[in-house]
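Given next are the chains, with one letter for each unit.
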Amino acid sequence: MAIFKFDYIELDNDKGLTSSDYHLLSEARRITEGAYAPYSNFKVGAAVLLKNGEIVLGVNIENASYPVGICAERSALSSAISQFPEEEIEAIAISYLASKGENDKPAFPCGMCRQFISECEDKNQKPIRLILAAQNGKVILLETSKNLLPFSFTGADLG
Ligand code: THU
């Protein structure tokens, strides 16, 4: 029997974060307001930290033709890679602002974003740390998106 398991950190609130992680999460929280989510009213913000210290932001952008919309994670990472193609990505903070329901539980990236972040890690040749939190409440810290996507399909599979 093989077992897949991984370590992650769960904090009761943002007080235990390093100042760098706190700042990144604050940026993700702040940018949620600007998301274009008229259909779901579920606004997501992502903040990508690069090795050079730059922070690149992204939000979810929905579309009347629903599948055309893009998640905040892919929006932020696409922007980061477009602007700084050679720069290493260190971390991504993801937050949201829901018009209904609770706003104090971390939300995890969707499956498509897990695949996307995983490929960014391969490009990066380095894991990308994830910082997940709503506007308040618990914070989850993960060392790599690959912990959320075991047995992923990668470029290596294409030969
Ligand atoms: N959404 C994200 O931006 N990131 C995720 O990881 C999950 C979902 C967006 C997509 C859509 O605009 C809205 O949240 C509701 O699904």
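The structure presented is a predicted model; accordingly, all values stated were derived computationally and were not measured.

Draft legend 1. The arrangement of the sheet that holds strand 2 (residues 42-50) in detail. Spatially, 6 strands are ordered 1-6-5-4-2-3 in an open sheet, and the strand pairing comes out mixed. Where the open sheet ends on each side, the last strands, each with one partner, are strand 1 (9-11) and strand 3 (55-59). Adjacent strand axes in the sheet meet at a mean angle of 15°, parallel and antiparallel pairs treated alike. Examined bridge by bridge, strand 2 and strand 4 (residues 89-98) share 9 bridges and lie antiparallel to one another. When the sheet's bridge partners are listed, valine 44 is paired in strand 4 with tyrosine 96.

Draft legend 2. A look at the pairing of strand 4. The buried fraction of strand 4 is high, at 8 of 10 residues. Here strand 4 runs beside strand 5 (residues 129-133); their pairing, made up of 4 bridges, is parallel. Looking at strand 5, one finds that isoleucine 94 is bridged to leucine 132. The parallel pair strand 4 and strand 5 is bridged by helix 3 (residues 111-124), and the resulting crossover is right-handed.

Draft legend 3. Geometry of the packing of aromatic side chains. One pass over the full model with this rule turns up 4 aromatic pairs. Ring plane angle 50° and centroid distance 6.0 Å describe the contact between phenylalanine 4 and phenylalanine 6, whose orientation is recorded as tilted. Residue class for phenylalanine 6 comes out partly exposed when judged on its relative accessible area of 29%. On the basis of an interplanar angle of 45° and a centroid distance of 5.9 Å, the ring pair of phenylalanine 6 and tyrosine 8 is categorised as tilted. Ring-pair connections join several aromatic residues into one group, and the members of that group are Phe4, Phe6 and Tyr8.

Draft legend 4. Layout of the site of the ligand. In the vicinity of the ligand, the contacting residues are Ser40, Phe42, Val44, Asn60, Glu62, Cys71, Ala72, Glu73, Pro109 and Cys110. At 2.9 Å from an oxygen atom of the ligand is found a side-chain nitrogen or oxygen belonging to asparagine 60. At 2.9 Å, a backbone N or O of alanine 72 approaches an oxygen atom of the ligand. For the ligand, the protein covers 74% of the area, taking 370 Å² as the surface of the free molecule. Among the secondary structure elements, those contributing two or more residues to the shell around the ligand are strand 2 and helix 2 (72-83).

Draft legend 5. Examining the environment of serine 145 more closely. Position of serine 145 among the secondary structure elements: in the segment after strand 6 (139-142). Put simply, serine 145 and glutamate 119 are 26 residues apart on the chain and 9.6 Å apart in space, counted from C-alpha to C-alpha. For serine 145, the residues in contact, after removing those within four places along its chain, are Arg114, Ile117, Ser118, Glu121, Ile128 and Leu130.

About the criteria used
Per chain, residues are indexed from 1 in the order of the written sequence. Under the rules for a predicted model, residues below a pLDDT of 70 receive no local features and side-chain atom pairs below 80 are neither given nor counted, while totals for whole chains, interfaces and linings still include all residues. Side-chain numbers here rest on the full set of heavy atoms in the structure, without hydrogens or water. Two strands form a pair only when DSSP identifies at least two bridges running between them. Counting from the N terminus, the helices are DSSP H or I runs at least four residues long and the strands are E runs at least two residues long. The axes used here are C-alpha line fits, helices contributing only the stretch in contact, and every angle between their N-to-C directions lies in the interval 0 to 180 degrees. Each residue is placed in one exposure class: buried if its accessible area under a 1.4 Å probe, protein chains only, is under 20% of its type's maximum, exposed if it is over 50%, and partly exposed if it falls in between. Every crossover in which the path from the first strand over the helix to the second runs clockwise, viewed with the strands pointing away from the viewer, is termed right-handed. When two rings of Phe, Tyr or Trp (its six-membered ring) have centres within 6.5 Å they constitute a pair, described as stacked for plane angles under 30 degrees, edge-to-face for angles over 60, and tilted for the intermediate range. Only heavy atoms are used to decide nearness, and a residue is near a molecule or strand if one of them lies within 4 Å of it. Any pair of N or O atoms that falls within 3.5 Å is considered a polar contact. Within protein, one atom must be able to donate a hydrogen and the other to accept it, and sequence-neighbouring residues count only if both atoms are side-chain atoms. Here, Shrake-Rupley sampling with a 1.4 Å probe gives the accessible areas, and only protein chains in the shown set may cover a residue. It only takes one pair of heavy atoms within 4.5 Å for two residues to be counted as in contact.

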